[in-house]
Structures are given as structure tokens and as C-alpha cells.
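Notes for the structure review
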Amino acid sequence: MKTIKNLLKIKTGNNFDTFYPEYNPNDGKIHVLYMSMLGNGTGLYRTILPYLHLNETTTHSAILHQGKSNNTGYYNQSNPIDGNIDERIIKWADFVVFPTVTSDLRPIIKKYREQNPKILFVMDIDDNPEVIPVNHPNIKMYTNESKQNLIRNMGYCDLVTCSNTNLQKYYSDKLAKKNTQFEVFYNVLSKYLTDDMDEYPAKIEKKDGITRILLTINAGHYNCGIAFSKVLKNINKKYKDTVDLVNFGWNGGNGIYRNAFDGVKIDCLPGVSFLDYYKMLHCINPDISIIPLRSTEFNRYKSFQRYLEYSLFSIPTIVGESEVYKDIVSDYENSVVCIGNQDFMENIDILIENATIRDKISENANIYCNENFSYKNPDHIEKLKKIFSK
């Protein structure tokens with residue numbers, strides 16, 4: 001994350017040339033302006049990485065404009081997007097890419113079109129707030145008005161990019177009478193995620209004979225955590241102190257409902273900035289990772305980036321029946337696929353007790369994801385160039 005951290009330091013300045021080093025109206029390239037990134041994994045995969053990789057091409061140039069949405073320096077979806085930007089940048093841009101915006105975009109679009117009549121607008125969508133569960137921590141942010149604004153905003157745009165095919169189908173059906181086009185662009189791995197690996201601290205040591213199992217269940221997947229707690233209790237009972245359970249990023253509670261990890265012996269590590277996430281994943285040093293997403297309406301619109309991240313670090317992953325994984329994982333080849341708690345229990349036993357199988361799955365997963373879902377595969381940058389073509 002060295003390159004990305006240095007980039008974001010630059011983006012806190014006010015000097016035009018420092019803030020927009022890519023600005024060159026006469027370079028003959030296609031110009032893409034990314035507006036107000038989110039300060040999380042979505043901002044990383046949907047904004048920063050495409051920005052960096054487009055700037056490696058000879059055909060495109062990208063600028064990242066942060067705006068002043070809140071004191072963190074990142075855009076917060078509960079606030080209106082900050083559309084104030086030097087008019088030179090708007091006249092430079094061929095495309096403006098917005099994150100998922102639930103405030104009314106019409107004033108900004110009108111202003112930019114007056115400054116540059118040829119400009120095209122893109123909105124990027126990484127999940128589906130219309131089917132958000134009632135106990136999701138962001139439920140209050142997505143009011144009926146904000147959901148309606150989101151649909152209208154997509155209709156005002158020329159193009160919507162989505163992180164999976166289910167999102168594309170859902171929203172293209174919603175806007176069938178509009179002229180908005182839809183494209184799928186997956187969240188994919190990049191060299192920039194781990195370009196500071198030589199500076200990582202040592203891994204957290206494990207005692208001999210201990211198997212460490214990692215989960216990254218968060219408050220947004222509270223229902224999945226509740227459903228999976230039976231499996232975790234079974235692991236505690238069967239393996240006692242020979243298996244360490246670790247959940248990274250959440251303590252199991254949400255302030256309203258009972259703790260998802262009640263009665264489970266599990267170490268809950270606090271969440272970290274997306275800038276430190278990969279370093280922490282390295283340090284946790286798990287033998288097995290589990291993504292217990294159930295097949296729910298909300299989960300079917302999620303991306304599969306968590307599986308890619310585990311595979312990047314050669315961690316063998318057990319996934320649930322959520323359909324986001326069905327086209328990318330092969331059972332006992334590059335992952336283990338489970339349907340229901342009993343299936344989880346049986347397959348967790350196999351991976352705990354057989355390091356050879358774990359090693360085979362982790363090696364295959366690392367190769368598969370780097371070859372197919374990484375910017376190392378030129379198809380992804382070609383897809384980006386195609387999306388942003390005149």
C-alpha cells in the first residue's frame with residue numbers, strides 16, 4: 001500500500017499542480033475524473049486501483065478528486081457529495097465517475113454540462129441498498145428518499161458500472177426505460193495492495209499443533225454470524241485449545257440484537273483502515289479462512305473480493321452457499337464450498353486435520369486468482385479502457 005498511501009498524502013494539498021499532476025489537456029488521451037472516493041474497500045477497488053492502472057496506459061489519463069465531504073478526507077454516503085472543483089478539470093474530463101451517491105446529483109451534473117457539454121457521467125455501484133437487512137448498521141442511512149435518489153441519479157448518468165452481474169441485472173431492469181448503459185467490472189487484485197510487504201511486521205506466532213481459523217464477519221453480515229455461531233461452538237467443543245478462532249474487524253455486537261458470538265470462544269480483533277488491512281491479514285497468519293455468507297437477497301449483490309484477498313495470501317478458504325462465488329470457486333480445487341451448517345462442520349474437520357489438502361487448495365487459489373482476477377491479466381485493464389472509450 002506504499003504507493004496508495006503516498007498518493008493520498010498528495011491529495012491533501014491545495015496546490016493545483018501538486019493535487020492534479022496528471023492534468024494535461026493536450027496529451028491526446030481519454031480523460032477520466034474519479035470523484036470523492038469512499039474510505040473503505042469499495043473506494044480502494046472501485047476508485048484508487050482503476051485510477052492507478054489507467055494511468056499506466058498510453059491511452060488514458062485519470063485524476064482523483066477527493067472533495068471535502070467530511071473531516072476524514074473521504075466521501076461519506078450520508079452526506080451530499082462535494083462537487084466543487086476547478087473548472088479546468090471539468091473541461092479536461094471526458095468522463096466523470098461518481099461513487100454510489102444518494103443525494104440529488106442534478107445540480108452538479110447541470111453545472112458540469114454547462115462547463116463541458118461533451119462530458120459523460122458514470123456512477124459506480126458496489127452493493128444494493130434497496131435490499132439492505134433491517135439490522136444492517138447502515139439501514140438508517142438508506143431512507144426511502146435516498147433510495148429513490150440513487151435510482152434517479154443512475155438515470156441521469158450515461159453509464160453505470162457494477163461489481164457483479166446480479167447488480168447489473170437488477171438496476172438495468174429498474175432503468176429499462178432510460179438510456180443509461182450498464183457494464184460489469186469486477187473488484188480485482190493489484191500489485192499496489194502489497195507493494196509494502198517488505199515492511200510488514202512479523203506474523204503472530206502460533207504454538208505447535210495449533211490451527212488458526214480466520215473469519216471476517218462484520219456487522220453488515222450479522223444474520224450470517226448468528227446462523228454460523230452453532231458451527232463455531234462445535235469447533236470450540238471438539239477441538240478445545242488446539243484451534244484458535246479469530247474474527248477480524250467486529251466484536252459480534254450491533255447495539256440492538258444479541259451478540260453474534262455469545263457462548264463462542266473467539267478472539268475479536270478491531271477493524272483497521274483499508275490502508276492497513278492487508279498488513280493485518282498477513283500478521284494474523286491463519287491456516288484456514290471462512291466466508292460463511294448465506295444465500296440471501298442482500299448477499300447476492302456483494303462482490304467476491306474477500307475470497308481474492310485470502311487467496312492473495314495463500315489462505316485456503318471455505319465459502320458458504322452465496323451465489324457470488326458459484327462461478328469462481330471449484331470445490332476442493334481452489335476452495336471448499338459448503339451448504340448449511342452440517343456441511344461446514346464436516347469440511348472444517350477435513351481442513352483442520354489435513355494440512356496437505358489445505359496447501360493444495362491455497363496454492364491453486366493463489367494461482368487462479370492472480371491469473372484470472374488481477375490486473376496481471378491484461379483483460380481487466382482492457383475492460384476499463386473499453387468502458388471509458390469515446
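Everything below is about the structure shown above.
Now for a description of the structure that goes with this document.

Looking now at the packing of aromatic side chains. Per the counting criterion, the structure on display carries 19 aromatic pairs. With a centroid separation of 6.4 Å and 15 degrees between ring planes, the pair formed by Tyr112 and Phe121 is classed as stacked. The exposure class assigned to Tyr112 is buried, which follows from its relative accessible area of 1%. With relative accessibility at 0%, the residue Phe121 sits in the buried group. By the ring-pair criterion, three or more aromatic residues cluster together here, those being Phe16, Phe19, Tyr20 and Tyr23. The residue whose ring lies beneath Arg88 is Phe16, and the NZ or CZ to ring-centre distance is 3.8 Å.

Over the atoms a probe the size of a water molecule is rolled, and this reveals where empty space is left. Its volume calculated, the largest pocket comes out at about 1400 Å³. If you trace the largest pocket, you find 50 residues lining it, with Asn40, Gly41, Thr42, Asn218 and Arg306 closest to the centre. Secondary-structure elements contributing two or more residues to the lining of the largest pocket are helix H3 (41–54), helix H9 (277–284), strand S10 (288–291) and helix H10 (305–312). The element best represented in the lining of the largest pocket is H3, accounting for four residues. Of the residues that constitute the lining of the largest pocket, the class distribution is 25 nonpolar, 19 polar and six charged.

Backbone geometry places Lys240, a non-glycine residue, at a positive phi of 50 degrees. Relative to the elements of secondary structure, Lys240 occurs in the loop between helix H8 (222–239) and strand S8 (243–248). By relative accessible area, Lys240 is classed as exposed at 57%.

Of note, Asn247 is situated in strand S8. Among the polar contacts made by the side chain of Asn247, one reaches the main-chain amide nitrogen of Ile217 at a distance of 2.9 Å. Apart from the residues lying within four places of it in its own chain, the contact partners of Asn247 are Leu215, Thr216, Ile217, Phe261, Ile266, Asp267, Cys268 and Leu269.

Here the focus is the environment of Gln305. Mapped onto the elements of the fold, Gln305 is located in helix H10. Remark: the alpha-carbon pair of Gln305 and Tyr45, spanning 260 residues in sequence, is separated by 8.8 Å.

For the rest of this paragraph, the subject is the sheet that holds strand S3 (residues 95–98). An order of S2-S1-S3-S4-S5-S6 is seen for the six strands of this open sheet, with the pairing classed as parallel. This sheet does not close on itself; its edge strands, each paired only once, are strand S2 (60–65) and strand S6 (181–184). With strand direction ignored, the average angle separating the axes of adjacent strands in the sheet is 25 degrees. The sheet contact formed by strand S1 (residues 30–35) and S2 spans six bridges and is parallel. The residue bridging Tyr34 from the neighbouring strand is Leu64, located in S2. Sitting on the sheet, helix H7 (residues 165–174) is in contact with strand S4 (120–125), strand S5 (159–162) and S6, with an inclination near 170 degrees to S6.

Basis of the calculations
Residues numbered from 1 in each chain as written. Predicted model: local features only at pLDDT ≥ 70, side-chain atom pairs only at ≥ 80, totals over all residues. Heavy atoms only, no water. Phe/Tyr/Trp six-rings, centres within 6.5 Å; stacked < 30°, edge-to-face > 60°. Buried < 20%, exposed > 50% of the residue type's maximum accessible area, 1.4 Å probe, protein only. Lys NZ or Arg CZ within 6 Å of the ring centre and 35° of its normal. 1 Å grid on protein atoms, 1.4 Å probe; cavity = no way out; pocket = protein on both sides within 12 Å on 5 of 7 lines; lining within 4 Å. Points joined across faces, edges and corners; volume = space filled by probe spheres on them. Helix = DSSP H or I, 4+ residues; strand = E, 2+ residues; numbered from the N terminus. Nonpolar A, V, L, I, M, F, W, Y, C, P; charged D, E, K, R; others polar. Polar contact = N/O pair within 3.5 Å; in protein donor to acceptor, adjacent residues only side chain to side chain. Contact = heavy atoms within 4.5 Å. Pairing = 2+ DSSP bridges. Axes fitted to C-alpha atoms, helices over the stretch in contact; angles between N-to-C directions.

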